[in-house]
Amino acid sequence: WSGGGTVTLDDGSTERIRCRASHAVGAGGNGLNLTLVCASDSYKFDLRGNVVSERGALTGTWGESSRGVNGTLEGRGANGNFQVVANAAGFTANLTVTTRGNRQSVVIRAENGFRGASIALTRY
């Protein structure tokens with residue numbers, strides 16, 4: 001997957017970002033290992049997560065290596081639509097991922113560190 005979008009920084013400014021993502025199914029088809037790496041001229045994040053689904057409930061862990069932050073994930077998902085809350089010490093973000101065919105939308109909203117990102121990806 002690759003694509004781009006915008007990131008909104010803590011000061012409210014926005015920048016264009018380019019992203020690469022990969023996904024691997026695990027846990028007998030109920031798990032997902034994901035990587036999302038994005039960069040702009042002055043900002044970069046390297047997000048990795050592991051999620052398990054049980055009857056539509058999602059739980060897992062995540063980490064962002066460039067800042068050394070990691071935490072837990074929980075939410076719900078079905079039919080290509082996922083809403084997840086990512087928590088870490090002093091940080092909470094809401095993530096929405098929507099997949100339709102070879103297109104995927106990732107929206108992240110946070111209250112600190114950075115305010116969010118809106119990303120459109122295409123699988124090649």
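These lines cover the structure that appears in this document, whether it is placed above or below.

Conventions and cut-offs
Residues numbered from 1 in each chain as written. Predicted model: local features only at pLDDT ≥ 70, side-chain atom pairs only at ≥ 80, totals over all residues. Heavy atoms only, no water. Helix = DSSP H or I, 4+ residues; strand = E, 2+ residues; numbered from the N terminus. Rg over C-alpha atoms; globule rule 2.2 N^0.38 Å. Buried < 20%, exposed > 50% of the residue type's maximum accessible area, 1.4 Å probe, protein only. Contact = heavy atoms within 4.5 Å. Areas by Shrake-Rupley, 256 points an atom, 1.4 Å probe, with all protein chains shown as cover. Salt bridge = Lys/Arg side-chain N within 4 Å of Asp/Glu carboxyl O. Pairing = 2+ DSSP bridges. Phe/Tyr/Trp six-rings, centres within 6.5 Å; stacked < 30°, edge-to-face > 60°.

What the chain contains, in helices and strands, is zero helices and 10 strands. Computed over its C-alpha atoms, the radius of gyration of the chain comes to 14 Å, within 12% of the 14 Å expected for a compact globule of 124 residues. Overall, the C-alpha framework of the chain stretches about 40 × 35 × 20 Å when taken along its three principal axes. Put simply, the chain has 124 residues, and 39% of those count as buried. Sequence separation of 24 or more characterises 23% of the internal contacts of the chain that already satisfy a separation of 6 or more. Counting only carbon and sulfur atoms, one obtains 50% of the accessible surface of the chain, whose full area is about 7100 Å².

Summed over all chains, the structure comprises three salt bridges. A salt bridge links Asp 46 to Arg 48, with the shortest nitrogen-to-oxygen separation between them at 3.1 Å. A relative accessible area of 12% places Asp 46 in the buried class. Its salt-bridge partner being Glu 54, residue Arg 55 comes within 3.4 Å of it at the nearest N-O pair.

The pairing of strand 1 (residues 2-9) with strand 2 (residues 14-26) spans seven bridges and is classified as antiparallel. Bridging across to strand 2, Thr 6 finds its partner in Arg 16. As judged from the nine bridges shared by strand 2 and strand 3 (residues 31-39), these two strands associate in the antiparallel manner. Its bridge partner being in strand 3, His 23 is matched across the sheet by Leu 34.

Attention now moves to the packing of aromatic side chains. Per the counting criterion, the structure on display carries two aromatic pairs. A centroid spacing of 5.9 Å and a plane angle of 50 degrees characterise the contact between Trp 62 and Phe 91, whose relative ring orientation is tilted. Taken together, the positions of Trp 62 in strand 5 (residues 57-64) and Phe 91 in strand 8 (residues 91-100) put the pair 29 residues apart, joining distant regions of the chain. Phe 91 matches Trp 62 in its accessibility class, with the two residues each being buried.

With nine bridges joining them, strand 3 and strand 4 (residues 44-54) adopt antiparallel strand pairing. In the sheet register, Cys 38 faces strand 4, and the bridge partner there is Phe 45. Where strand 3 folds back onto strand 4 in an antiparallel hairpin, the turn is made up of four residues. Sheet topology note: the strand 4/strand 5 ladder contains eight bridges and is antiparallel.

As a further point, take the environment of Gly 26. Its place among the elements puts Gly 26 in strand 2. Gly 26 sits 77 residues away from Arg 103 along the chain, and the two C-alpha atoms are 21 Å apart. Apart from residues lying up to four places away in sequence, Gly 26 is in contact with Gly 31 and Leu 32.

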